[in-house]
Amino acid sequence: MPHSYHHTALPSFDELKVLAEKDPEQLEALRHQLSMEFIESVPKDHQGPLLAQQSHIDRIIERGNNPNHINILLGHELGKQFVRFANSLNKPINEHQAAEVIQFPSANKHTKH
């Protein structure tokens, strides 16, 4: 079933350039708005992972010193995710990673009365 959502028109490249130069906060607000519109347009069961990814992207952007630095950081992250994705696709199906599962102690055991 298709999802309907509010669609904000993307300004032209020249308008975005002027916005970046004159009002970077408004450009950031537009980026956030467009991202959220897209996330809200997908089925609910896909929104959680996309929100988590968007949060991760936002944290990377916050670390950047300037637009070029941000692009380098995002490019590096994209490269890391591409490698993880490629590795998961190329891993043999019958290969499993072993992990020890441990039980967390009950929160009630640590409560002092």
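The structure under discussion appears in the preceding block.
What you are looking at is a predicted structure, and each value in this text was computed from that prediction instead of being measured.

Direction vectors running N to C along helix α3 (residues 44-63) and helix α4 (residues 67-90) enclose 140°, while the axes themselves pass 8 Å from each other. In terms of their interaxial angle, α3 and α4 are classed as oblique. As α3 runs across α4, the sense of the crossing is right-handed. On α4, the residues that touch Gln 53, His 56, Ile 57, Ile 60, Ile 61 and Arg 63 of α3 are His 69, Ile 70, Leu 73, Leu 74, Glu 77 and Gln 81.

This brings us to the pattern of salt bridges. One pass over the structure, following the stated rule, counts five salt bridges. Taking the shortest distance from any N to any O, the salt bridge between Glu 28 and Arg 31 comes out at 2.4 Å. Highlighted residues: Glu 28 and Arg 31, both in helix α2 (residues 24-41), separated by three residues, approximately one helical turn. Take Glu 28: its relative accessible area is 34%, and that puts it in the partly exposed class.

The α-helix advances 3.6 residues per turn, and as a result positions three or four apart in sequence lie on the same side. Over its 24 residues, α4 runs 34 Å from end to end, which matches the ideal 34 Å to within 8%, given 1.5 Å per residue. Those residues of α4 lying buried are Ile 70, Leu 73 and Glu 77.

The next subject is the environment of Arg 31. You can call Arg 31 partly exposed: its relative accessible area is 22%. In the structure, Arg 31 is positioned 21 residues away from Leu 10 in sequence and 9.6 Å away in space, judged by C-alpha atoms. For Arg 31, the residues in contact, after removing those within four places along its chain, are Gln 54, Ile 57, Asp 58 and Ile 61.

Moving on, we get to α2. Here α2 contains 18 residues, and its C-alpha end-to-end distance of 26 Å stays within 8% of the 26 Å for a straight helix at 1.5 Å per residue. Within the sequence span of α2, burial applies to Leu 30, Ser 35, Glu 37, Ile 39 and Ser 41. Along its buried surface, α2 packs onto α1 (13-22) and α3.

Cut-offs and rules
Residue numbers here run from 1 along each chain, matching the order of that chain's written sequence. Restriction of local features to residues with pLDDT of at least 70 applies here, the model being predicted, together with a cutoff of 80 or more for giving and counting side-chain atom pairs; totals for whole chains, interfaces and linings are based on all residues. Each side-chain value is worked out from all heavy atoms of the structure, with water and hydrogens disregarded. Simply put, an axis is a line fit to the C-alpha atoms, just over the touching stretch for a helix, and the angle between two N-to-C directions goes from 0 to 180 degrees. Secondary structure elements are taken from DSSP: a helix is a run of H or I of four residues or more, a strand is a run of E of two residues or more, and numbering for both begins at the N terminus. Roughly parallel means an angle under 35 degrees; roughly antiparallel, over 145; roughly perpendicular, 65 to 115; everything else is oblique. Each crossing is labelled by how the near helix is turned from the far one, with a counterclockwise turn of less than a right angle marking it left-handed and a clockwise turn marking it right-handed. In this description, contact between two residues means that some pair of their heavy atoms is separated by no more than 4.5 Å. One side-chain nitrogen of Lys or Arg within 4 Å of one carboxyl oxygen of Asp or Glu is enough to make a salt bridge. To sort residues, take the accessible area from a 1.4 Å probe on protein chains only and compare it with the maximum for the residue type: under 20% means buried, over 50% means exposed, and anything in between is partly exposed. Each helix should span, by expectation, one fewer than its residue count multiplied by 1.5 Å.

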